[in-house]
Amino acid sequence: MTPQPDLQYPIGRFQWPTRITPEDRRHWISALAAFPAQLRAAVSPLTPSQLDSPYRPGGWTLRQTVHHVADSHMNSYIRFRLALTEDAPIIKPYDEARWAELADAAHAEVDLSLVLLSALHLRWVILLESLSDEQWQRPFVHPELGPRRLEETLALYAWHGAHHLAHITNATS
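First things first, this report covers the structure right here in the doc.

Definitions and limits used
- Residues numbered from 1 in each chain as written.
- Predicted model: local features only at pLDDT ≥ 70, side-chain atom pairs only at ≥ 80, totals over all residues.
- Heavy atoms only, no water.
- Helix = DSSP H or I, 4+ residues; strand = E, 2+ residues; numbered from the N terminus.
- Buried < 20%, exposed > 50% of the residue type's maximum accessible area, 1.4 Å probe, protein only.
- Contact = heavy atoms within 4.5 Å.
- Areas by Shrake-Rupley, 256 points an atom, 1.4 Å probe, with all protein chains shown as cover.
- 1 Å grid on protein atoms, 1.4 Å probe; cavity = no way out; pocket = protein on both sides within 12 Å on 5 of 7 lines; lining within 4 Å.
- Points joined across faces, edges and corners; volume = space filled by probe spheres on them.
- Nonpolar A, V, L, I, M, F, W, Y, C, P; charged D, E, K, R; others polar.
- Phe/Tyr/Trp six-rings, centres within 6.5 Å; stacked < 30°, edge-to-face > 60°.
- Lys NZ or Arg CZ within 6 Å of the ring centre and 35° of its normal.

Per the secondary structure count, the chain includes 8 helices and 2 strands. Sequence-ordered secondary structure for the chain, helices as α and strands as β, is α-α-α-α-α-α-α-β-β-α. For the chain, buried positions account for 46% of its 173 residues. In the chain, once contacts between residues fewer than 6 apart in sequence are set aside, the share between residues at least 24 apart is 78%. When the accessible surface of the chain is split by element, carbon and sulfur atoms take 55% of a total near 9600 Å².

This brings us to the layout of surface pockets. Estimated volume of the largest pocket: approximately 720 Å³. For the largest pocket, the lining is made up of 29 residues, of which Glu96, Leu156, Tyr157, Trp159 and His160 are closest to its centre. Sorting the residues of the lining of the largest pocket by element identifies α3 (62–85), β1 (139–142) and α8 (150–172) as the ones contributing at least two each. Broken down by element, the residue count for the lining of the largest pocket peaks at 8 residues, all from α8. Partitioned by chemical class, the residues of the lining of the largest pocket number 12 nonpolar, 11 polar and 6 charged.

A separate point is the packing of aromatic side chains. Tallying each qualifying case throughout the model produces 5 aromatic pairs. Between the aromatic rings of phenylalanine 14 and tryptophan 159, the centroid separation amounts to 5.7 Å while the plane-to-plane angle is 55 degrees, which identifies the pairing as tilted. Of this pair, phenylalanine 14 sits in the segment before α1 (22–43) while tryptophan 159 is found in helix α8, placing the two residues 145 residues apart along the sequence. Given the relative accessible area of 19%, phenylalanine 14 is considered buried. On the accessibility criterion, tryptophan 159 (17% relative accessible area) is buried. An aromatic cluster is built from Phe14, Trp16 and Trp159, whose rings are joined through pairwise contacts. When the ring centre of tryptophan 16 is taken as reference, the NZ or CZ atom of arginine 148 above it lies at 3.8 Å.

As for its placement among the helices and strands, tryptophan 124 is situated in helix α6 (residues 110–129). Residues tryptophan 124 and phenylalanine 80, spaced 44 residues apart in sequence, show a C-alpha to C-alpha distance of 8.9 Å. Leave out the neighbours within four places in its chain, and tryptophan 124 touches Leu32, His73, Ser76, Tyr77, Phe80 and Tyr157.

Written out as structure tokens, the structure reads:
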């Protein structure tokens, strides 16, 4: 009997890396650079009905998932900039589930977030490619997770994009 795929974590849960190399960072930056086009390719053939279907029972719709990724990656980009310009800033978390219920996430055309992600990731990649080894070690403080270095956060967001892309592709295959 074939095991059922994990619909909530189709690529597995994120594991914080214990050792990060410059090659790892380059790989994750490449993943962030490629992500907007991959997401656009995954959702562009979908009908409004498909976009308004959940990726799993009790999960967000595919539309909400696309808008969530934009919200999440905007927050992360700002956190990177704060960590680079302030000493261990305490960042503000947000309620992802409640944000997903707002009208712009629940009902807006996905192209709005696809365009936003394309521009955001272009800027983010420029920023990331400019960082020195020392800057990658700069932290911000998450009230629930504690201090997180930028290089760890890069790993998280490379995973985050792949995680939600798998939600979409699995739901539509």
